[in-house]
Amino acid sequence: MDTHNGDESMDSAMAVEPMPGYLDLISKAYTVMTSALRNCGDCGLELSTRTLLDNAYITFTEMGLFFLCAVMWTQTRRGLTHCLFKPFARWCCLQPKDTAKMPESAWKLVFYTMSWTYSTYLLFFTQYTFFYDPPSVFYDWKSGMSVPTDIAIAYLIQGSFYGHSIYATVYMDAWRKDSAVMVVHHVITLALITFSYAFRYHNIGVLVLFLHDINDIQLEFTKLNVYFKTRGGGYYLLNDILSNMGSVSFSITWFWFRLYWFPLKALYATCVTSLDSVPNIPFYFFFNTLLFALLLMNIYWFLFILMFVAKVLTGQMKEVGDLREYEEEEASLLAAKLAKQRSDAGHQDNGEGKHVQNGITKEKHQ
């Protein structure tokens, strides 16, 4: 009799829950989080410190591998830029401004294609059921539990890449209108990756990474086709068609993956169902705050997409372009302003090693 009841309870726990709607997420998340806050009478710095020491597991070897791989990504990008991307751009006779930006997009396309392919493999071609059954990410969770090797590899790849990306956004990438937000995004993502690994929330981490990387593939693919549609003094219809298709696909999947599946699969699992599986789950508010911040940034960038669509529909924009980049007039004004500030400060600058890209003069270490 006891065995029969145990089997029934196990089947009930493993039953796949239907995906909630936005109203379910808002109402249940509010109810669960306010209840958890009321029940957290001893919350504070002392409890947080004790919880961190008791539940965070990360070794010096793992931290060393992280820094080693972050440096590796930076050096790999530099090598590919100088030995492959820039020579290929010059060989294709791209316009000078496109030649300067093409290596960044090519590098990101290569990485995100690789990382998203691996995340897809983990979620759809292995035993993991996190995509179809998001609450399962917290089934059998234990503090200090071992991380499966295949997921640990994904974490090492992604964590070290975002460590590299913080440096690259400031020192290697073209500066754009949202670059400051991009740095914040990379810091939050790196914090989520690091702490979710240390606290053994790696299952939800794989799902979050899968839901975000696909848009970066489409974005960089579209930008590359924008660069290549006018080269060598000619116009190439195929690249123009591909850039338009890429922008449409990017807009649709951004909403579908980041604003539909991400909140209703990942956020619902972390905010609501996580407490069913682990009633006293460590750092509940910390992780959910970071995930909600990630959602807000996704909404912020979606506004750029809506602006782009509106400009196309109203005829203000005749071709695909990146609204985050500074216009040429803005670039000239900002560059002149920066030059005047340096002159007023008495700094001598011969311009060597400086590049004005999208309105900001900065050192480039590509």
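Small disclaimer: the values here were computed from a predicted structure and weren't measured. (Residues numbered from 1 in each chain as written. Predicted model: local features only at pLDDT ≥ 70, side-chain atom pairs only at ≥ 80, totals over all residues. Heavy atoms only, no water.)

Here the focus is the side chain of S160. Take S160: it is sitting in helix α6 (residues 149–171). Of the residues examined, S160 reaches a relative accessible area of 1% and is grouped as buried. In this structure the side chain of S160 is engaged in a polar contact, spanning 2.8 Å, whose partner is the side chain of W73. Those residues in contact with S160 that sit more than four places away from it in its chain are F66, C69, A70, W73 and Y155. (Helix = DSSP H or I, 4+ residues; strand = E, 2+ residues; numbered from the N terminus. Buried < 20%, exposed > 50% of the residue type's maximum accessible area, 1.4 Å probe, protein only. Polar contact = N/O pair within 3.5 Å; in protein donor to acceptor, adjacent residues only side chain to side chain. Contact = heavy atoms within 4.5 Å.)

This part takes up the packing of aromatic side chains. Scanning all chains against the criterion turns up 42 aromatic pairs. Aromatic side chains Y118 and Y121 sit 6.1 Å apart centroid to centroid with 25 degrees between the ring planes, which places their arrangement in the stacked category. Pair noted here: Y118 and Y121 are both in helix α5 (residues 96–124), with a separation of three residues, about one helical turn. The exposure class assigned to Y118 is partly exposed, which follows from its relative accessible area of 22%. For the ring pair Y128 and F130, a centre distance of 5.2 Å and an interplane angle of 20 degrees mean the geometry is stacked. According to the relative accessible area criterion, Y128 is buried, its value standing at 11%. Judged by relative accessible area, F130 falls into the buried class, the value being 6%. In textbook terms, an aromatic cluster arises when at least three aromatic residues are bridged by ring pairs, as seen for Y22, W116, F124, F131, Y132, F210, W256, F257, Y260 and W261. A cation over a ring is seen here: R258 above W254, with NZ or CZ 4.1 Å from the ring centre. Over the ring of F131 we find K265; its NZ or CZ atom is 4.3 Å from the centre of that ring. (Phe/Tyr/Trp six-rings, centres within 6.5 Å; stacked < 30°, edge-to-face > 60°. Lys NZ or Arg CZ within 6 Å of the ring centre and 35° of its normal.)

Turning to a nonpolar patch on the surface, a few remarks are in order. Together, Y22, I26, F255 and W256 make up a nonpolar patch on the protein surface, roughly 400 Å² of accessible area in all. At the level of secondary structure, the elements contributing two or more residues to the nonpolar patch comprise α2 (22–38) and α9 (237–277). Classification of Y22 by relative accessible area gives partly exposed; the value is 36%. (Patch = residues over 30% accessible without salt bridge, like charges linked within 9 Å, V, L, I, M, F, W, Y side chains within 5 Å. Areas by Shrake-Rupley, 256 points an atom, 1.4 Å probe, with all protein chains shown as cover. Salt bridge = Lys/Arg side-chain N within 4 Å of Asp/Glu carboxyl O.)

So, on to the side chain of S179. With respect to the helices, strands and loops of the structure, S179 is situated in helix α7 (residues 179–198). On the basis of relative accessibility, which here comes to 4%, the residue S179 falls in the buried class. Beyond its immediate chain neighbours, meaning those up to four positions away, S179 contacts T169 and A174.

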